[in-house]
Amino acid sequence: MSNTLEAIHLLEKTLQNLLSNYEFLKKENTILLQNNQVLQQQLLEKEQILITQKKEFDLLKIAKTIEGSSSNTKDTKLKINSLIKEIDKCIIQLQE
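Residues numbered from 1 in each chain as written. Predicted model: local features only at pLDDT ≥ 70, side-chain atom pairs only at ≥ 80, totals over all residues. Heavy atoms only, no water.

Engineer: When you look at the overall build of the protein in this model, what are you seeing that I'm missing?
Structural biologist: Secondary structure assignment for the protein yields two helices and zero strands. Among the 96 residues that make up the protein, the fraction classed as buried is 3%. Looking at the protein as shown, the accessible area adds up to about 9,200 Å², and 61% of this sits on carbon and sulfur atoms. (Helix = DSSP H or I, 4+ residues; strand = E, 2+ residues; numbered from the N terminus. Buried < 20%, exposed > 50% of the residue type's maximum accessible area, 1.4 Å probe, protein only. Areas by Shrake-Rupley, 256 points an atom, 1.4 Å probe, with all protein chains shown as cover.)

Engineer: Just to check I follow, could you spell out a nonpolar patch on the surface for this structure?
Structural biologist: The grouping of Leu11, Leu15 and Leu18 at the surface amounts to a nonpolar patch, some 300 Å² of accessible area in total. You can see leucine 18 is positioned in helix 1 (residues 2-67). Note on leucine 18: relative accessible area 52%, which makes it exposed. (Patch = residues over 30% accessible without salt bridge, like charges linked within 9 Å, V, L, I, M, F, W, Y side chains within 5 Å. Salt bridge = Lys/Arg side-chain N within 4 Å of Asp/Glu carboxyl O.)

See below:
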């Protein structure tokens, strides 16, 4: 009889430990999910900043080339040609 009671008490302690661990892990998971969400938002913001800065850098390269710097004239001509093509596409879409 005492062996049965000891087994029941041991089972109760084990279940309590498991429930305690479950609650702790559940809270930790919630915190980690929130941190993950914050980090993903920060990553998106950084990516947007990077895209903006790349565009600004390209514009500065074009501006420097137009000013008279002869080092990137080929890049500038290519960029101007691509911009002209985009403008032509927009005009065609507007005419439709």
